[in-house]
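Chain by chain, the residues:
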Amino acid sequence: MEVDDFIIVSSEEDLTDLDYRNMADNILTDIDMLIEELRETLWPLNRFIHKNPELAFKEYKAHDSLTEFMRKQEGWKVTSSAYGMETAWVATYDSGQAGPVVSFNAEMDALPNLGHACGHNLIAIASVAASLATARVMKRRNLTGKVIVFGTPGEEGTGGGKIRLLEAGAFEGVDISLISHPGIFNNSPFVRTTAFVRLEVEYHGRAAHAANSPWLGINALDALVICYNAISALRQQTMPSDVIGMNITNGGAAPNIIHAFAAGAIVIRAASTHRLQELQEKVLSCVQAGAVATGAEEKVKVIKGYADHVPNRVLARSYTKYWKLMPGVPDPPIPPEGQVTWVKASTDQGNISYALPSVNASFAIPPGPNRGPPHSPEFEKISGTKDAFERSLRVAKALAGTAVDVISEPRLLDEVKRQWKRDMNDIS
Ligand SMILES: [Zn+2]
Ligand SMILES: [Zn+2]
């Protein structure tokens, strides 16, 4: 029920599905109005970021324009160059009274030679718009708690800006983390991504003349080839979601010598961090096999990638409710509840999802004639269009609705946290 703009929730048992829909409808009306008000100022900001692509940890223009924009918003406190990173930033709206703490991540980085071909301009806009709408609804309805936006640098490659923020304690006391990502295939708040790790392998042997006295040498290239073949054999017994790729980065110096040195790189992807660990151990046995067979000495450098993303089902339900309440639901439809959308890519939001409940909502923007996906030149073009911007505002509204649900219903946050604990147990 609603009295003078305040929702009074007497007890959960008293509420019917219709009550919940009506409440969501009222919240959405507020969110919609506020984001529509912001449309004219958000469009040039989106254009500016898209037209000025910057690489990981060098997102100076994006950092400056976004923090400047947030400073103009009433009631927000903004920290530039936060947590020891030049291009990280934090904006906080605090009701002044204790309550849930909801957060949004705003990615900003572009790709080498491709500009904003991953559409991170749209991610930043969706998160900024959603945070402002959430704060305004809180104010209007006297809801207590905090809204935080983190400007998260360096997502592309293995930059891991979010991991650095996590390790610096930025997410301590934060209850949930929301973010979105554009593509052309899916509309879904229940997205899983893959975990990955990179291994750099070196073999050190002993040089010898291949014709004169090969018995004096230890062949490092043979060790690497044995490793490569052992991994090829291993691939026959892996799971469909496991991916192991390898290349040879140093195949020896000349054909008429026994090779003293050889090197390669291996990338492993898996459906979960736990599975990745299992797979990594199997791959390391293959690396050892090369060393044992030849007598060469192996050296392995493990370059940590990103964890898989574990989506929160309760938060996803909220997002879906608002997405469907808005008119003109775009294709494709959000899959039925509980049906995972697999995106075979990796993101440092995955690491966030292991620390707190997370939603990483995929959204489809209208594709180009060749249906170029993220990281293609065509996707760079479409991520700068007005249509793509419109979709990011729709996403912002659904994200804001999700955040308002968490802030206005304490029991929902309990449910979100219980689900997260179950997910963490299941995955290990
Ligand atoms: Zn990307
Ligand atoms: Zn991306």
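All values reported here derive from a predicted model rather than from experimental measurement. Position numbers for residues count from 1 along each chain, tracking the sequence in the order it is written. Going through the entries in the order they are written, you letter the chains from A and number the ligands from 1. Only residues with pLDDT of 70 or above have their local features reported here, since the model is predicted, and side-chain atom pairs are shown and tallied only from 80 upward, although totals for entire chains, interfaces and linings are computed over all residues.

1. Some details on the overall build of the protein chain
- When helices and strands are tallied, the protein chain shows 11 helices and 16 strands.
- Projected onto its principal axes, the C-alpha positions of the protein chain cover 95 × 45 × 40 Å.
- In the protein chain, which comprises 428 residues, the share counted as buried stands at 49%.
- Across the protein chain, the fraction of contacts at a sequence separation of at least 24, relative to all contacts at a separation of at least 6, is 78%. Each helix is a run of H or I in the DSSP string that is no shorter than four residues. Each strand is a run of E no shorter than two, and both are numbered from the N terminus. To sort residues by burial, count the other C-beta atoms lying within 10 Å of each one's C-beta; a count of 20 or more means buried, 12 or fewer means exposed, and anything in between means partly exposed. C-beta atoms are built from the backbone. Any pair of residues counts as being in contact when their C-beta atoms, constructed from backbone geometry, are within 7 Å of one another.

2. Regarding the sheet that holds strand β7 (residues 176-183)
- Strands qualify as paired when DSSP identifies two bridges or more between them. Across the sheet, six strands lie side by side as β3-β4-β6-β5-β7-β16; this open sheet has mixed pairing. The open sheet has two free edges, formed respectively by β3 (76-79) and β16 (358-364), since each of these has just one partner strand. Neighbour-to-neighbour, the strand axes of this sheet turn through a mean angle of 20°, independent of strand direction. Orientation is described by lines fitted to C-alpha atoms, with helices fitted over the stretch in contact, and by angles between N-to-C directions that extend from 0 to 180 degrees.

3. Observations regarding the domain arrangement of the protein chain
- Those domain boundaries reflect an automatic or database domain assignment. Taken domain by domain, the protein chain consists of domain 1 (2-193 + 308-427) and domain 2 (195-304).
- Computed from C-alpha atoms alone, the centre-to-centre distance between domain 1 and domain 2 is 41 Å.
- Contact with domain 1, which involves five residues of that partner, is made by seven residues of domain 2.
- Gly counts as polar in this scheme, as do all residues outside two lists: the nonpolar Ala, Val, Leu, Ile, Met, Phe, Trp, Tyr, Cys and Pro, and the charged Asp, Glu, Lys and Arg. Broken down by class, the residue content of the side of domain 1 that touches domain 2 amounts to one nonpolar, three polar and one charged.

4. Looking at helix α5 (residues 220-234)
- Here, expected helix span is obtained from the residue count minus one, scaled by 1.5 Å. Taking 1.5 Å as the rise per residue, α5 with 15 residues should run 21 Å; its terminal C-alpha atoms sit 21 Å apart, in good agreement.
- Buried residues of α5: Ala 220, Leu 221, Asp 222, Ala 223, Leu 224, Ile 226, Cys 227 and Ile 231, and no others.
- Here the buried face of α5 lies against β9 (195-204), β11 (243-250), β13 (261-270) and α6 (273-294).

5. Thoughts on the environment of Arg 275
- On the secondary structure map, Arg 275 appears in helix α6.
- Residue classification places Arg 275 among the buried positions, given that 20 C-beta atoms sit within 10 Å.
- In the structure, Arg 275 is positioned 159 residues away from His 116 in sequence and 32 Å away in space, judged by C-alpha atoms.

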